[in-house]
Amino acid sequence: MGNLNSRGKILWLSNLSSGIQYEAMKAYAEDVCKAYGYTFEIVYGDMFNDPAGNLNAIKNAMTDDVVGIVASQDGGIKDIMAEYPEVYVA
């Protein structure tokens, strides 16, 4: 999963699961994370942007090495930030 030199993991709470935009975002995020020493994982958000569904998706992906979340969905952001105040959210 991660490597020994990793600075931590960045999660992408994605509103996409396929297509040109998804592939471009995924490739860009993987390259940027690798360049700066982070690992990267995609978390698929709730298809209806439901706050509880998005929080649950993040909870299921959360590990001790997660340092940041890039959110493409806004449902549940306040709840995610309250649950994980030590994790940066963008």
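Please read all numbers here as calculations on a predicted model, not as lab measurements. (Residues numbered from 1 in each chain as written. Predicted model: local features only at pLDDT ≥ 70, side-chain atom pairs only at ≥ 80, totals over all residues. Heavy atoms only, no water.)

Participant: I'm lost on the sheet that holds strand 3 (residues 66-71) in this one. Help?
Facilitator: Strand-to-strand pairing in sheets goes through backbone hydrogen bonds, with the strands running parallel or antiparallel. Strand order in the open sheet formed by four strands is 2-1-3-4, with parallel pairing between adjacent strands. Single-partner strands in this sheet number two, and they are strand 2 (39-44) and strand 4 (88-89). In the sheet, strand 1 (residues 9-14) pairs with strand 3 via five bridges, with the strands oriented parallel. Across the sheet, the residue bridging to I10 is G68, located in strand 3. Together, strand 1, strand 2 and strand 3 form the strand contacts of helix 2 (residues 51-61), whose direction differs from that of strand 2 by roughly 145°. (Pairing = 2+ DSSP bridges. Helix = DSSP H or I, 4+ residues; strand = E, 2+ residues; numbered from the N terminus. Contact = heavy atoms within 4.5 Å. Axes fitted to C-alpha atoms, helices over the stretch in contact; angles between N-to-C directions.)

Participant: Even after reading the chapter, I still don't get the pattern of salt bridges, so can you show me in this structure?
Facilitator: According to the stated counting rule, one finds one salt bridge in the structure shown. E41 is paired through a salt bridge with K9; the nearest N and O atoms lie 3.0 Å apart. Here E41, found in strand 2, pairs with K9, found in strand 1; they are 32 residues apart in sequence, far enough to count as distant. (Salt bridge = Lys/Arg side-chain N within 4 Å of Asp/Glu carboxyl O.)

Participant: I tried to follow helix 2 on my own but got confused; where do I start?
Facilitator: Note on helix geometry: an α-helix contains 3.6 residues per turn, so any two residues three or four positions apart are oriented the same way. Buried within helix 2 we find N54, L55, A57, I58 and A61. Down the axis of helix 2, the buried side of the element spans an arc of 155°, and every buried residue falls inside it. Facing away from the buried side of helix 2 by more than 90 degrees, the exposed set consists of A52 and N60. Buried residues along helix 2 sit in contact with strand 1, strand 2, strand 3 and helix 3 (77-83). (Buried < 20%, exposed > 50% of the residue type's maximum accessible area, 1.4 Å probe, protein only. Arc of directions from axis to C-beta.)

Participant: Any chance you could explain the pairing of strand 3 here in plain terms?
Facilitator: Side-chain positions along a regular strand alternate between the two faces of the sheet. The sheet contact formed by strand 3 and strand 4 spans two bridges and is parallel. If you follow G68 over to strand 4, its bridge partner there is Y88. The handedness of the strand 3 to strand 4 crossover, carried by helix 3, is right-handed. (Right-handed = clockwise from strand over helix to strand, strands pointing away.)

Participant: I keep staring at the nonpolar core and nothing clicks. Help me out?
Facilitator: Across soluble globular proteins, you tend to see nonpolar side chains buried next to one another. With 13 residues, the main nonpolar core has L11, V43, I58, M62, I69 and I80 as its most contacted residues. The dominant element in this core, judged by the number of residues it contributes, is helix 2, at four residues. For I69, the residues in contact, after removing those within four places along its chain, are L11, L13, I58, M62, I80, V87, Y88, V89 and A90. One finds I10, A29, C33 and I42 within the second-largest nonpolar core, a separate group that totals seven residues. (Core = buried A, V, L, I, M, F, W, Y, C linked by side-chain atoms within 4.5 Å.)

Participant: What is the right way to read helix 1 (residues 20-36) from this model?
Facilitator: Counted at 1.5 Å a residue, the expected span for helix 1 with its 17 residues is 24 Å, and the 24 Å between its end C-alpha atoms agrees. All buried positions along helix 1 are accounted for by Y22, A29 and C33. Axial view of helix 1: buried residues confined to an arc of 40°, hence all on one face. Exposed positions of helix 1 whose direction lies more than 90 degrees from the buried face are I20, Y28, D31, K34 and A35. In this fold, the buried residues of helix 1 make contact with strand 1 and strand 2. Of the residues one or two after helix 1, G37 is the one with positive phi, at around 85°. (Expected span 1.5 Å × (residues − 1).)

On their own, these measurements won't tell you what the molecule is for.
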